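What the coordinates show
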Amino acid sequence: MSGCGSDTFYLAPLRGVTGRTFRAVQARHFTPAPVAVAPFIPTCAGDRVKPAVLADIVPDPETPVEVIPQLIGKDPGQLRVMLRALKDMGYLKADLNAGCPWPFVAKKGRGCGLMANAESFERMLEAGCDELPDGFSVKVRLGLKDPGLLAERMTVINRYPLREVTIHPRTAKQMYDGQVDLGIFAEVLPLCRHPVVYNGDIRTCADWQTLKRRFPQVTRWMVGRGMAMNPALMESFLAGMDLPPDYGRIAGFCADYLETAAAELAGPTQVLGRMKELWSYLHFIYPDGETRWKSIRLCHTLDEYLRVVRG
Ligand SMILES: Cc1cc2nc3c(=O)[nH]c(=O)nc-3n(C[C@H](O)[C@H](O)[C@H](O)COP(=O)(O)O)c2cc1C
């Protein structure tokens, strides 16, 4: 199986979905993407980082996936404190979130809001590259409202020795919906002197192959919702074709996900919430997915949930 040649696949950070539980359980049941960018961790004031903040990225020797922590914030001093904490945990790579589109985040100058302020963006890249030489990367969008902003920010991005730049070709205004703008992606790609990771709307092996034909210079691909909808997707990339879903294996994955979440979370309400988050994606792979999802969404207890999924 070598359908993806020298290309590298990354599991995208989806807060509430592709964290520690997903990484571990996916790797137990399917071939995982070899690299996972972990859901963002906010930087915070003070010169020490509380261990609870780092719980999602405590190294897990059982999971054969390289985890790259991701941070969100706008204060270079706070970023340094956090990066030092990551280095103490053994991490040599970290990613900066400059793409989160939620208005309450962006308005505070974090996530995509960093792109709005060239000076603040630059200070963060400077601090990150200084703390983690060769190990710091950034994840961006095309802009907030104007998809031309990323091209403008390339001057700043190219000034620092970043390890890679992940581009999600939507504006913040689009959130996660509407078309990815591949025309503008094609324009910014040659402007970036760093390796580029493409991210957005890869749901199938065929989607990836179409993008690969259009952008042969890209060899790094990040997949979020597609991997949550089909946790076996990496196996299709490796086979070079879309493999039919194996519902037996998916059922095993779900049962393990529930058990693992139950061991990690405080109580059944949280576990049910975690299962609903997962199913908000997973149902797409089932022919009767809409009906399943509707029933799961209405469950109030884990027993009800188990009755629905066991049919
Ligand atoms: C529920 C949810 C949570 C997300 N959390 C993060 C995050 O923590 N960090 C980040 O950089 N992007 C986050 N994203 C964006 C995804 O990483 C990714 O850029 C986006 O979903 C597009 O890729 P996809 O079409 O492969 O899912 C999130 C997206 C969703 C829908």
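That block above? That's the structure.
For the structure given in this document, a descriptive report is provided here. (Residues numbered from 1 in each chain as written. Predicted model: local features only at pLDDT ≥ 70, side-chain atom pairs only at ≥ 80, totals over all residues.)

Observations concerning the overall build of the protein chain
A tally of helices and strands in the protein chain yields 14 helices and ten strands. Over its C-alpha atoms the protein chain spans a radius of gyration of 19 Å, differing by no more than 12% from the 19 Å that the globule rule assigns to 311 residues. With respect to the principal axes defined by its C-alpha atoms, the protein chain has extents near 55 × 45 × 35 Å. Among the 311 residues that make up the protein chain, the fraction classed as buried is 39%. Within the protein chain, contacts between residues at least 6 apart in sequence are counted, and of these 72% link residues at least 24 apart. (Helix = DSSP H or I, 4+ residues; strand = E, 2+ residues; numbered from the N terminus. Rg over C-alpha atoms; globule rule 2.2 N^0.38 Å. Buried ≥ 20, exposed ≤ 12 C-beta atoms within 10 Å, placed from the backbone. Contact = placed C-beta atoms within 7 Å.)

Digging into the sheet that holds strand E4 (residues 66–68)
Pairing within the open sheet is parallel, and its ten strands lie in the order E3-E5-E6-E7-E8-E9-E10-E1-E2-E4. Two strands close off the open sheet at either side, each with one partner strand: strand E3 (41–42) and E4. Note: E3 against strand E5 (residues 70–72), two bridges, orientation parallel. Counterpart to Ile41 in the pairing with E5 is Leu71. Packing of helix H6 (residues 149–159) onto the sheet brings it into contact with strand E7 (136–143) and strand E8 (165–171), and relative to E7 it is tilted by some 155 degrees. (Pairing = 2+ DSSP bridges. Axes fitted to C-alpha atoms, helices over the stretch in contact; angles between N-to-C directions.)

With respect to the packing of helix H1 (residues 20–29) against helix H11 (residues 247–264)
Two numbers describe how H1 lies on H11: the axes approach to 9 Å, and their chain directions differ by 145 degrees. H1 and H11 meet at a crossing whose hand is right-handed. Residues Thr21, Ala24, Val25, Arg28 and His29 of H1 form the contact with H11, whose own contacting residues are Arg249, Gly252, Phe253, Asp256, Tyr257, Thr260, Ala261 and Glu264. Along the lines of polarity and charge, the residues of the contact of H1 with H11 split into five nonpolar, four polar and four charged. (Left-handed = near helix turned anticlockwise from the far one by under 90°. Nonpolar A, V, L, I, M, F, W, Y, C, P; charged D, E, K, R; others polar.)

Nothing here speaks to function; it is all geometry.
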